There are 2 protein chains.
Amino acid sequence: MAPKNSAPHPPDAGTSQLLELIRTGRASTRQELVRMSGLSRSTVSQRLEGLLARGLVIAGDQGESMGGRPPGSLLFNPKAGFVLVADCGASQTHTGIADLGGDVLIGEITDRAIAEGPEGFLAWLEARLDEHLREASVDPALVRGVGVGLPGPVEHRKGRPVSPPIMPGWDGYPVAERLAETFSRPALVDNDVNIMALGEHRLAHNEVRDMLFVKVGTGIGCGLVLGGNIHRGAHGAAGDIGHIHVPGHDDVLCSCGNIGCLESVASGGALAAQLSDVLPRDAKVSDVVDHVLHGDDPRAVAAVRNAGREIGGVLAGLVNTCDPDVIVIGGQMALADRPLIAGIREIVYRRSLPLATHNLRIIKSSLDERAGIVGAALMVVERVLTDRGASVADAAGAP
Amino acid sequence: MAPKNSAPHPPDAGTSQLLELIRTGRASTRQELVRMSGLSRSTVSQRLEGLLARGLVIAGDQGESMGGRPPGSLLFNPKAGFVLVADCGASQTHTGIADLGGDVLIGEITDRAIAEGPEGFLAWLEARLDEHLREASVDPALVRGVGVGLPGPVEHRKGRPVSPPIMPGWDGYPVAERLAETFSRPALVDNDVNIMALGEHRLAHNEVRDMLFVKVGTGIGCGLVLGGNIHRGAHGAAGDIGHIHVPGHDDVLCSCGNIGCLESVASGGALAAQLSDVLPRDAKVSDVVDHVLHGDDPRAVAAVRNAGREIGGVLAGLVNTCDPDVIVIGGQMALADRPLIAGIREIVYRRSLPLATHNLRIIKSSLDERAGIVGAALMVVERVLTDRGASVADAAGAP
């Protein structure tokens, strides 16, 4: 069914809170649930019965999967459901199926891209996700939702792209509604860098509250995890750091129509142009990375390091503004991480305040190209099952 | 008593949630409270009894203050308590008393400043707040807490300054602990720009989720309200935009030891230096503002407009990063708001993405110099009474 946005609260208020306490490991007994939720003992029992019946929670006496916990312990069961996921890009798309813990059962990268417009692309995507279901022999009844990332600003509540610069024909298209109708499940759509940031944070840096995820690919974007949640901004445009002006490049025209944007001087696309004399015609970011890693070409390594410095100049400002615990560098260019991150660190540590950089880590993504689909799955898990950080009515429609 | 940080949850879990629903006007009947909280009817009744007994909530049949609401309506009572507040600065300090709605009963600006170090300054502050209590004839038993802003990074959880550049002798000093002990009430301390941002947001822009508050005074700082809450960052250093590098001024040494920081070229202090030939010796920011507004000096107006452009260049990056609904310009230099905001707007609208600036408002603070003490009061109200946006154990100690 399509997501419903009318009912202000699900009829079983408290269920999501209990599941969240169990899923995040903060409570594993009925006593802890009563104490930490503030719900009455009888409400906890009633809600818990529902969660056990749906298989989302398993009790200690039900099997061997409890790893030595005392009988009666309550544990989240990541295999109780699955999420159909896609991380759609300007040059390729990553599709797959993940379980409720973000474990990827099937992940496939295809050269299909969003440029063909929403109708054709989404028809292909829907068919592909259906095939994944069959390939993985997953019972369609266990699918809890659909999570998709798109390469542009997204109005997250409605699941629609908003004025996306590189997605012709997609502006305002009801992507989430369409997918929800096709699969009869809640569907959530977000900006691709936001889902990468979410995946990386939840699986690799869940211990910190403030994390920046910088994707350096054909373009440059940033996902902000602030206070543990994705910060999307008033128009879904937060993190669009690729179009911050950097000094000294006012002769470089950016695709956005402005001059001297970070993306126009330091992205994989910009590097491909700068190194065009030694790269194949119409070189992609992967060609740039190949040449840097294996081309024995100091000029190419220097170009990547310079790109890192330009990115570092912008990140120095973000460090002073957001004061993160960690900055994760991802996207295809992060495969050339040594010169890239060296350039970034050089400028951030020179330009940001000592208090903010003293414990700051600047590191490469640990999920690499999986970050997007992992994040897409966890976005759905957190919203559909546990309402984390959001009041979401369509959770009530989850099977 | 000193704040306790040990107990993970107050014994009356749910009380703060109910009070928050009533205080923000989202619920005004028992039925709404049961439905929106997920608590049982009996728990709601029990907690509500406590809130009514403490006078924090009043019921419709109790008086005429309900403004035509039906009998039985529940309403937050801002006069049920008071907060002792202070906004401490590098050149002057604003002290006062506010009620639980942020209404200022007493507000006083003194030339006393933090430079003398914590012992002497806090002894003076404590005496001054005691005098305010007598002047306002407020029953000390009705004081719910103490809220203080300091001009530097603050570790908010502990209420201690962290490596504050302009507060000699204050690094690590237990300000909140000391005030809590002196007044036997919970005490909260935050960065001064953060409390200004909170006050401005809650009283003037509560309808938006994402707001930036830029204080332009002797220095330059920014308070970030993101998703409705103050974003403090990993080290309490978020919003320190005064030390972001701006191009073209590498000959200007900043007080932080770096070169070309925004603060060193566009703050009130920097303007005082730029206009020193027409200002009194040791001119303050107020002298700059006076001269700009009444000096009939186009060069001074141009200097402020240029400062606005430099600030606008940095804010353009913040707009792309945070995508706020509104940017509020405060601090003493905002009194010269026409040339300052004109310069800011000029660059932000030229350099930020159209999606992010389409509905963006850039406006002057409406609370002016009261923003700090109003915010200090509301910080205490939200934390001590209602735990908004934080898990706070010291709330349990509120009288």
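As a starting point, this report considers the structure included with it.

Analysis parameters
Residues numbered from 1 in each chain as written. Chains lettered and ligands numbered in written order. Predicted model: local features only at pLDDT ≥ 70, side-chain atom pairs only at ≥ 80, totals over all residues. Heavy atoms only, no water. Least-squares fit on C-alpha atoms with pLDDT ≥ 70 in both. Helix = DSSP H or I, 4+ residues; strand = E, 2+ residues; numbered from the N terminus. Polar contact = N/O pair within 3.5 Å; in protein donor to acceptor, adjacent residues only side chain to side chain. Contact = heavy atoms within 4.5 Å. Axes fitted to C-alpha atoms, helices over the stretch in contact; angles between N-to-C directions. Parallel < 35°, antiparallel > 145°, perpendicular 65-115°, else oblique. Nonpolar A, V, L, I, M, F, W, Y, C, P; charged D, E, K, R; others polar. Core = buried A, V, L, I, M, F, W, Y, C linked by side-chain atoms within 4.5 Å. Buried < 20%, exposed > 50% of the residue type's maximum accessible area, 1.4 Å probe, protein only. Pairing = 2+ DSSP bridges. Salt bridge = Lys/Arg side-chain N within 4 Å of Asp/Glu carboxyl O. Phe/Tyr/Trp six-rings, centres within 6.5 Å; stacked < 30°, edge-to-face > 60°. Buried area = accessible area lost by both parts, 1.4 Å probe.

### Some points on the relation of the copies chain A and chain B
When chain A is fitted to chain B, the best match, at an RMSD of 0.1 Å, comes from turning it 180 degrees and sliding it 0.1 Å along the axis. Accordingly, the operation relating the two chain copies is best matched by a two-fold axis.

### Here's the deal with the side chain of S267 of chain B
Residues and elements named next belong to chain B. Structurally, S267 can be placed in the loop between helix 7 (262-266) and helix 8 (268-274). Among the polar contacts made by the side chain of S267, one reaches the main-chain carbonyl oxygen of T218 at a distance of 3.1 Å. Engagement of the side chain of S267 in a polar contact is seen with the backbone nitrogen of A270, the distance being 3.1 Å. The contacts of S267, once residues within four sequence positions are left out, are V216, G217, T218, G219, I220 and L262.

### Description of the packing of helix 1 (residues 15-23) of chain A against helix 3 (residues 41-53) of chain A
For any two helices packed against each other, one specifies the crossing angle of their axes together with the interaxial distance. Residues and elements named next belong to chain A. Helix 3 packs onto helix 1 with a crossing angle of 70 degrees between their chain directions and a minimal axis gap of 10 Å. It follows that helix 1 is roughly perpendicular to helix 3 by the angle criterion. Contact with helix 1, carried on its side by T15, L18, L19 and I22, involves V44, R47, L48 and L51 of helix 3 and no other residues of that element. The residue makeup of the contact of helix 1 with helix 3, split by class, is six nonpolar, one polar and one charged.

### Some words on the nonpolar core
As a rule of thumb, soluble globular proteins bury nonpolar side chains together. Membership of the largest hydrophobic core comes to 93 residues, with the highest contact counts inside it found for L33 of chain A together with L33 of chain B. If sequence neighbours within four positions are ignored, L33 of chain B has contacts with L18, L21, I22, A27, G38, V44, L48 and L74 of chain B. Core analysis: the second largest hydrophobic core is formed by 92 residues, C222 and L340 of chain A together with A272 and V304 of chain B among them.

### Brief notes about the sheet that holds strand 6 (residues 143-150) of chain A
Residues and elements named next belong to chain A. If you walk across this open sheet you meet the five strands as 5-4-3-6-9, and the pairing is mixed. Of all strands in the sheet, those with a lone pairing partner are strand 5 (104-110) and strand 9 (187-191), marking the two edges. On average, each strand axis in the sheet is inclined to that of its neighbour by 15 degrees, with strand direction left out of account. As paired strands, strand 6 and strand 9 are joined by five bridges and run parallel to one another. Pairing of L150 across the sheet is with N191, part of strand 9. Running over the sheet, helix 4 (residues 118-135) touches strand 3 (82-88), strand 4 (93-99), strand 5 and strand 6 and is turned about 40 degrees from strand 4. Contacts between helix 13 (residues 371-385) and the sheet are confined to strand 3, strand 4, strand 5, strand 6 and strand 9, with strand 3 contributing the most and set at about 135 degrees to the helix.

### Structural notes on the pattern of salt bridges
Tallied over the full model, the rule gives 38 salt bridges over all chains. The shortest N-O distance in the salt bridge between K215 of chain A and D192 of chain A comes to 3.1 Å. Of this pair, K215 of chain A sits in strand 10 (residues 211-216) while D192 of chain A sits in helix 6 (residues 192-204), placing them 23 residues apart in sequence. Residues R128 of chain B and E135 of chain B are paired through a salt bridge, measuring 3.5 Å at the closest nitrogen-oxygen approach. On the basis of relative accessibility, which here comes to 44%, the residue E135 of chain B falls in the partly exposed class.

### Examining the sheet that holds strand 5 (residues 104-110) of chain B
Residues and elements named next belong to chain B. Read from one edge of the open sheet, five strands run 5-4-3-6-9, paired in mixed fashion. Either end of the sheet is taken by a strand with one partner, and the two such strands are strand 5 and strand 9 (187-191). Between one strand axis and the next, the sheet turns by 15 degrees as a mean value, whatever way the strands run. Across the sheet, helix 5 (residues 175-183) is in contact with strand 3 (82-88), strand 6 (143-150) and strand 9; its angle to strand 9 comes to roughly 150 degrees. Against the sheet, helix 6 (residues 192-204) contacts strand 3, strand 6 and strand 9, and its axis sits at roughly 100 degrees relative to strand 9.

### Some thoughts on the packing of aromatic side chains
All names here are of chain A. For the structure on display, the rule yields six aromatic pairs over all chains. When the ring of F121 is compared with that of W124, the centres are 5.5 Å apart and the planes differ by 50 degrees; the resulting orientation is tilted. Note that F121 and W124 are positioned in helix 4 at a spacing of three residues, about one turn of the helix. Through successive ring pairs, a cluster of aromatic residues spans F121, W124, W170 and Y173.

### Things to note about the environment of L100 of chain B
Residue and element names in this part refer to chain B. As for its placement among the helices and strands, L100 is situated in the loop between strand 4 (93-99) and strand 5. L100 sits in the buried class, given a relative accessible area of 1%. Note: C-alpha distance between L100 and L56 (44 residues apart in sequence) is 9.2 Å. Excluding its chain neighbours within four sequence positions, the residues that come into contact with L100 are L56, F76, N77, P78, A80, G81, F82, V83, R144, L378, V381 and L385.

### Description of the pairing of strand 3 of chain A
Looking down a regular strand, the side chains alternate between one sheet face and the other. Residues and elements named next belong to chain A. Counting buried residues in strand 3 gives seven out of seven residues, a clear majority hidden from the surface. Of the two faces of strand 3, the one lined by F82, L84, A86 and C88 and the one lined by V83, V85 and D87 are each fully buried. Alignment of strand 3 against strand 4, held across seven bridges, turns out to be antiparallel. Looking at the pairing, F82 lines up with D99 of strand 4. Between strand 3 and strand 4, which follow one another and run antiparallel, lie four residues. Here six bridges tie strand 3 to strand 6, and the two strands are oriented parallel to one another. Bridge pairing links A86 to V148 in strand 6.

### Some words on the interface of chain A and chain B
Counting from both sides, the interface comprises 46 residues of chain A and, opposite them, 46 residues of chain B. Summed over both sides, the interface between chain A and chain B buries roughly 3700 Å², with carbon and sulfur atoms accounting for 57% of that surface. In this assembly, chain A and chain B are joined by zero salt bridges. Taken together, chain A and chain B are joined by 25 residue pairs in polar contact (both at pLDDT 80 or more). Partitioned by chemical class, the residues of the side of chain A that touches chain B number 22 nonpolar, 16 polar and eight charged.

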